[in-house]
Amino acid sequence: MPVKLAHVTGFPTVSSRLPAWLRSGIILALVPVLFIIIPRTPLDGPIGGVIALSLALVCCWFGGPYPAALVPLSIVVISRVAGETPLFSVPSMQEAVSFVTLTILTTAVGLAGQYQRHWQHDRRVHLRNRQEAERHLRESEERFRLLADSAPALIWINGPDGAEFVNRTYLEFLGVENEIRGFDWANFIHPDDRDDYMQAYLLAVERRQIFDAQFRFRRHDGQYRWMRSVARPRFDSDGTLQGYSGISMDFTERKQFEEALKEADIRKNEFLATLAHELRGPLAPVRNMLEIMKRSSVDGAMLRQARDTMERQLSHMVRLVDDLLDISRISRNKIELKRERVELASVVSQAVEATRMFADSARQELTVALPPNPIYLHADAVRLAQVFGNLLNNACKYTPPGGQIWLTAEARPCDVVVKIKDTGVGIASEKLTSVFEMFSQVESSLERSHGGLGIGLALVRRLVEMHEGSVEAWSEGPGRGSEFIVRLPVPTESEEPEPRTEPSRENVVSARRILVVDDNRDSATSLAMLLKLTGNDTRTAHDGMEAVEQAEAYQPDVILLDIGLPKLNGYEACRRIRAQSRGNAIHMVALTGWGQDDDRRKSREAGFDDHLVKPVEYATLAKLLFDSRANAESRGLDNGAATAPTIPESQHVSVSRFEKHRDS
């Protein structure tokens, strides 16, 4: 559809408002009238002819070529109609020449007018289109700049002469002004990454392909940030490379996270290898001693040595497993301290007694120096003994045979400082802060023989912090020993809790009817044998259904029931036993390798009275049997006399009592 002149200029014209046929009719009627009227006026003569011809040509200019070509004919027809000359008379030669000349002239003027109008129209349309294009270009550039400046990434465009555009984020990152042409951004690349980055860029330019590189870029504050640049090449119409348009993204946090994951994976693999080594280590002497005990010619002294060795190695394995479980609980904030008024000397004594065996076997001299006056703390005695025990055990491992270990305590107004020093391998200065991290080792070579999982010191730091204390390591360097300093707050007199008083127990012995249920036949048989040697009557079962049947037939006083059983798990077996006629009179004990808080909760919900974690010490089991007999007597469910040996409070007990009051 053609564009009208009025739409181009913005001003309406008569020609734009009238149809073409009407404009042609007006021109064809108006011009002849001019040639008829003017001769009848005083302007008749050459001047009138010139005026009439000029007006006719003006009308032809605005009328166009088609009506202009008909103007001479219209003049002849109207002049003959209005004059005396017959309409169809033959014109003279002069009239014919004048007619042809006038026709050519009017047609040419009409064509010239139409061409001029079209040229002006095209020029104005072109001008308007260019203005519209420039406006759209400005708006597009404004939108692009707004979008680029709002982006959190560094956006840039490079040309043959260097940088052509960078966004506001790029400028703020580098701390420079708006001028970017000629800016030497390569100086901001880390020196170790600059050559590789430039080679990758030049290679992408040579191959005319996408550019992708990682490097460290210096921020305005001097910190190097890890960036990833991705750019696409730009080509002109003839395929010439004009440069690259790219984006650089800061992925420092992700890079650090990836490095941490790699480090964690390495340390995890090292830990698993160390764990396998540490677990196999105690098993070797245990197996050797078992082979010795099989020999009939072994004398009593050798048997005692075999027994002591096996007990020592078993204690070492239990300690490893306990440390792993404690770390798991601490990482999930599942450990709760049972704080009370305890004396520091008693806690230290427990830790020293637990470590004495290792020090004696390595012929190490262990010296303990405590203040003469007692120091009382508001602490969990078991966990605090674990702290000092781990530090002493660590000192024994890293001190060569014949070395010395000192444990000293110093009372201060608001706290007590316990120092454990040794003459061992020492700690490098760069590792003094990392020794308390999970799975950290002073030595990481395969030749090291000190052992350990690298979790003991991490456990120490967390337990000390839970007591509102602090722990630090100090060493003069490798081969010059190390020292660990523990600071614990001492409560004031107003803060000290009342000392706990223990109820007295009678030392009487009594037999119980005990059913041991475990799918591991060796475990069930050995425990039943041990209980039978101490005067109890025992039976065994090896799956859940058999346990339910034995409970009905045997009528035991106590059932030591494993959880992971075939046919019927321990939880369901406990529920079915409780549903029996005498089920509520039986003391149900979950004896399992599952010891998390959720496992204890499930045991309690299933109806168990206690939850013990394998391997359980006999002293712990004897204490539990005594308590179960006392509870049965208090409820009138047992008439026998109950006694058990006194169990030292320092004994580590993994028992969680669930007091239940059931109707018999």
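Located above this text is the structure these notes cover.
These notes cover the structure that comes with them.

Criteria and thresholds
- Residues numbered from 1 in each chain as written.
- Predicted model: local features only at pLDDT ≥ 70, side-chain atom pairs only at ≥ 80, totals over all residues.
- Heavy atoms only, no water.
- Helix = DSSP H or I, 4+ residues; strand = E, 2+ residues; numbered from the N terminus.
- Buried < 20%, exposed > 50% of the residue type's maximum accessible area, 1.4 Å probe, protein only.
- Areas by Shrake-Rupley, 256 points an atom, 1.4 Å probe, with all protein chains shown as cover.
- Salt bridge = Lys/Arg side-chain N within 4 Å of Asp/Glu carboxyl O.
- Pairing = 2+ DSSP bridges.
- Axes fitted to C-alpha atoms, helices over the stretch in contact; angles between N-to-C directions.
- Contact = heavy atoms within 4.5 Å.
- Phe/Tyr/Trp six-rings, centres within 6.5 Å; stacked < 30°, edge-to-face > 60°.
- Parallel < 35°, antiparallel > 145°, perpendicular 65-115°, else oblique.
- Left-handed = near helix turned anticlockwise from the far one by under 90°.
- Nonpolar A, V, L, I, M, F, W, Y, C, P; charged D, E, K, R; others polar.

1. Observations concerning the overall build of the chain
Phase 1 of the analysis: A count of helices and strands for the chain gives 18 helices and 17 strands.
Phase 2 of the analysis: Buried positions account for 39% of the 664 residues belonging to the chain.
Phase 3 of the analysis: A total of about 38,200 Å² of accessible surface is found on the chain, and carbon and sulfur atoms cover 55% of it.

2. Quick look at the pattern of salt bridges
Phase 1 of the analysis: Evaluation of the coordinates by the stated rule reveals 22 salt bridges.
Phase 2 of the analysis: The shortest N-O distance in the salt bridge between Glu-468 and Arg-339 comes to 3.0 Å. Remark: Arg-339 occurs in the loop between helix H10 (300–331) and strand S6 (340–343) and Glu-468 occurs in the loop between helix H13 (456–466) and strand S11 (470–474); sequence separation between them is 129 residues.
Phase 3 of the analysis: A salt bridge links Glu-472 to Arg-487; the shortest N-O distance between them is 2.6 Å. Of this pair, Glu-472 sits in strand S11 while Arg-487 sits in strand S12 (residues 483–489), and the two are 15 residues apart along the sequence.
Phase 4 of the analysis: A relative accessible area of 34% means that Glu-472 is categorised as partly exposed.
Phase 5 of the analysis: Counted as one network, the salt bridges with shared partners bring together Glu-132, Arg-135 and Glu-139.

3. Considering the environment of Gly-426
Phase 1 of the analysis: Position of Gly-426 relative to the elements: it lies in the loop between strand S10 (415–422) and H13.
Phase 2 of the analysis: Classification of Gly-426 by relative accessible area gives buried; the value is 7%.
Phase 3 of the analysis: A C-alpha to C-alpha distance of 8.6 Å links Gly-426 and Glu-483, two positions 57 residues apart in sequence.

4. Details of the sheet that holds strand S15 (residues 558–561)
Across a sheet, strands are paired by hydrogen bonds formed along the backbone, either parallel or antiparallel in direction.
Phase 1 of the analysis: Spatially, the five strands line up as an open sheet ordered S14-S13-S15-S16-S17, and their pairing is parallel. Here the strands that pair on one side only, and so sit at the sheet edges, are strand S14 (537–541) and strand S17 (610–613). Between one strand and the next, the sheet's axes are offset by a mean angle of 20°, whatever the strand orientation.
Phase 2 of the analysis: Docked against the sheet, helix H15 (residues 544–554) engages strand S13 (513–517), S14 and S15, running at close to 150° with respect to S14.
Phase 3 of the analysis: Sheet contacts for helix H16 (residues 570–578): S15 and strand S16 (587–592); angle to S15, the most-contacted strand, approximately 160°.

5. Quick word on the packing of aromatic side chains
Where two aromatic rings form a pair, the distance of their centres and the angle of their planes describe that pair.
Phase 1 of the analysis: Taken as a whole and judged by the stated rule, the model has nine aromatic pairs.
Phase 2 of the analysis: Centroid distance Phe-188 to Phe-217: 6.4 Å. Interplanar angle 65°. Geometry classified as edge-to-face. On the criterion of sequence distance, the pair formed by Phe-188 in the loop between helix H7 (168–174) and helix H8 (191–207) and Phe-217 in strand S3 (residues 211–218) is long-range, its members being 29 residues apart. For the pair formed by Phe-188 and Phe-217, the shared burial category is buried.
Phase 3 of the analysis: Here the aromatic rings of Tyr-201 and Tyr-244 are separated by 5.5 Å at their centres, their planes lie at 55°, and the arrangement is tilted. Here the residue Tyr-201 occupies a position in helix H8, and Tyr-244 occupies one in strand S5 (residues 241–250), the gap between them amounting to 43 residues.
Phase 4 of the analysis: Given the relative accessible area of 13%, Tyr-201 is considered buried.
Phase 5 of the analysis: Residue class for Tyr-244 comes out buried when judged on its relative accessible area of 0%.

6. Some words on the sheet that holds S11
Phase 1 of the analysis: Read across the open sheet, the five strands follow the order S7-S9-S10-S12-S11; overall the sheet is mixed. Two strands in the sheet have a free side with no partner beyond their single neighbour: strand S7 (365–369) and S11. Each neighbouring strand pair of the sheet contributes to a mean axis angle of 10°, computed without reference to strand direction.
Phase 2 of the analysis: Sheet topology places S7 next to strand S9 (residues 404–411); five bridges connect them, and they run parallel. Looking at the pairing, Glu-365 lines up with Gln-404 of S9.

7. Observations concerning the packing of H15 against H16
Phase 1 of the analysis: Axis separation between H15 and H16 bottoms out at 9 Å; the angle between their running directions is 20°. The angle between H15 and H16 falls in the class roughly parallel. Here the hand of the crossing between H15 and H16 comes out right-handed. Of H16, the residues touching H15 (which contributes Gly-544, Met-545, Ala-547, Val-548 and Ala-551) are Ala-573, Arg-576 and Ile-577.
Phase 2 of the analysis: Grouping the constituent residues of the contact of H15 with H16 by class yields six nonpolar, one polar and one charged.

Read these as layout, nothing more, since geometry by itself doesn't imply function.
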